[in-house]
Amino acid sequence: MANPNIVNVTSIHGESIAQAMTATLTTVIMTVSTDVVLKVNSISATNTHASNATDFTLTVTKAGFTSAGVASGDDNAGTFAIASTINIPSDDVLVVIDKPFYLMEGDVLKGGADPATCDLFISYEVINDA
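The model shown is predicted, which means the values in this text are computed figures rather than measured ones. (Residues numbered from 1 in each chain as written. Predicted model: local features only at pLDDT ≥ 70, side-chain atom pairs only at ≥ 80, totals over all residues. Heavy atoms only, no water.)

Asks: Residues and numbers for the overall build of the protein chain, please.
Replies: Scanning the protein chain for helices and strands turns up 0 helices and 9 strands. Starting at the N terminus, the α and β elements of the protein chain follow one another as β-β-β-β-β-β-β-β-β. Along the three orthogonal principal directions, the C-alpha set of the protein chain runs to about 50 × 30 × 20 Å. Burial status across the protein chain gives 34% buried among its 130 residues. Taking the intrachain contacts of the protein chain between residues at least 6 apart in sequence as the baseline, contacts between residues at least 24 apart amount to 85%. (Helix = DSSP H or I, 4+ residues; strand = E, 2+ residues; numbered from the N terminus. Buried < 20%, exposed > 50% of the residue type's maximum accessible area, 1.4 Å probe, protein only. Contact = heavy atoms within 4.5 Å.)

Asks: Kindly report on a nonpolar patch on the surface, identifying the contributing residues and their values.
Replies: On the surface, Ile-6, Val-9, Ile-12 and Tyr-102 cluster together into a nonpolar patch covering about 340 Å² of accessible area. Its place among the elements puts Val-9 in the segment before strand S1 (11-20). On the basis of relative accessible area, Val-9 is assigned to the partly exposed category, the value being 30%. (Patch = residues over 30% accessible without salt bridge, like charges linked within 9 Å, V, L, I, M, F, W, Y side chains within 5 Å. Areas by Shrake-Rupley, 256 points an atom, 1.4 Å probe, with all protein chains shown as cover. Salt bridge = Lys/Arg side-chain N within 4 Å of Asp/Glu carboxyl O.)

Asks: Can you explain the pattern of salt bridges? Please cite residues and give values.
Replies: Within this structure, the stated rule accounts for 1 salt bridge. With its nearest N and O atoms 2.7 Å apart, the salt bridge here joins Lys-62 to Asp-107. Pair noted here: Lys-62 is in strand S4 (residues 54-62) and Asp-107 is in the loop between strand S7 (101-103) and strand S8 (108-114), with a separation of 45 residues, a long-range link. Taking relative accessible area as the criterion, Lys-62 reaches 15% and is therefore assigned buried.

What follows is the structure, encoded as structure tokens:
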């Protein structure tokens, strides 16, 4: 897994996605492409049900490489929780992330809500060095 150099970018595109969550908590939301770093700016989850709460989960599966800023041999591969069964009341919004973070190439964002009455909105920048 390469770590794209964001000093030598060829393009930066602002994008956003919206997705209705399923009750399967490991549903793939996005997979980061080769030669790309995603700068995730914000993530919000909205419970669209008028009377029932939902439990929301969001994880990232790291592709597994040794970062340039981490000691040699320290690998961050694995699946890690960003939000784990967070209860969202009916007709309410959860601001999951409001400070930027990076997803590296090969990383996979997964999530779900039980019951499946939750919409996810993600704002991000695609930074490409290809």
